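Descriptive structure summary
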Amino acid sequence: MNVNSLMYLVLDVQSTSHTDEQSKVNAWVNVSSTDEAMNIISDELSLLGWAITEVIETTTTKETDYFPPCKSLDAFSEAAKGLYSLRFID
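Computed from a predicted model, the values in this text were never measured in an experiment.

Below, the discussion takes up helix H2 (residues 71-81). Those residues of H2 not exposed but buried are Ser-72, Leu-73, Ala-75, Phe-76, Ser-77, Ala-79 and Ala-80. Against the buried residues of H2 lie strand S1 (6-15), strand S2 (22-29), strand S3 (50-61) and strand S4 (84-89).

Below is the structure:
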């Protein structure tokens, strides 16, 4: 893979249609700044019916941060090929 680093975000989100539904989201975004990553993920989550309620973590991450087999490495690889990858965690 030929990607230096991605932005990794950990977010609390709430459903925009069922306010009692909440989740945690891990997001990998193929950009180099937190602001750009937040804008992209906020827009994408909104399209899916979710709103960010809290930003827990934002950091850069690279492929060597993960050891295969690993769902996080899979998500990293998916984002590296495109723009982003989301993983909802209850």
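Take the nonpolar core next. Ranked by internal contacts, the top residues of the largest apolar core, which has 14 residues, are Leu-9, Leu-11, Val-29, Ile-41 and Leu-45. Counting only elements with at least two residues in this core, the list comes to S1, S2 and helix H1 (34-47). If one sorts the elements of this core by residue count, H1 sits on top with five residues. If we ignore the near neighbours within four places in the chain, the residues touching Val-29 are Leu-6, Met-7, Leu-9, Ala-37, Ile-40, Ile-41, Leu-83 and Tyr-84. In terms of nonpolar packing, the next biggest core, distinct from the first, is built from ten residues, Tyr-8, Trp-28, Leu-73 and Ala-75 among them.

For the structure on display, the rule yields one salt bridge. Residues Asp-12 and Lys-24 are paired through a salt bridge, measuring 3.4 Å at the closest nitrogen-oxygen approach. Of this pair, Asp-12 sits in strand S1 while Lys-24 sits in strand S2; the two residues are twelve residues apart in sequence, bridging distant segments of the chain.

Cut-offs and rules
- Residues numbered from 1 in each chain as written.
- Predicted model: local features only at pLDDT ≥ 70, side-chain atom pairs only at ≥ 80, totals over all residues.
- Heavy atoms only, no water.
- Buried < 20%, exposed > 50% of the residue type's maximum accessible area, 1.4 Å probe, protein only.
- Helix = DSSP H or I, 4+ residues; strand = E, 2+ residues; numbered from the N terminus.
- Contact = heavy atoms within 4.5 Å.
- Core = buried A, V, L, I, M, F, W, Y, C linked by side-chain atoms within 4.5 Å.
- Salt bridge = Lys/Arg side-chain N within 4 Å of Asp/Glu carboxyl O.

Remember, this is a structural readout, not a statement about activity or role.
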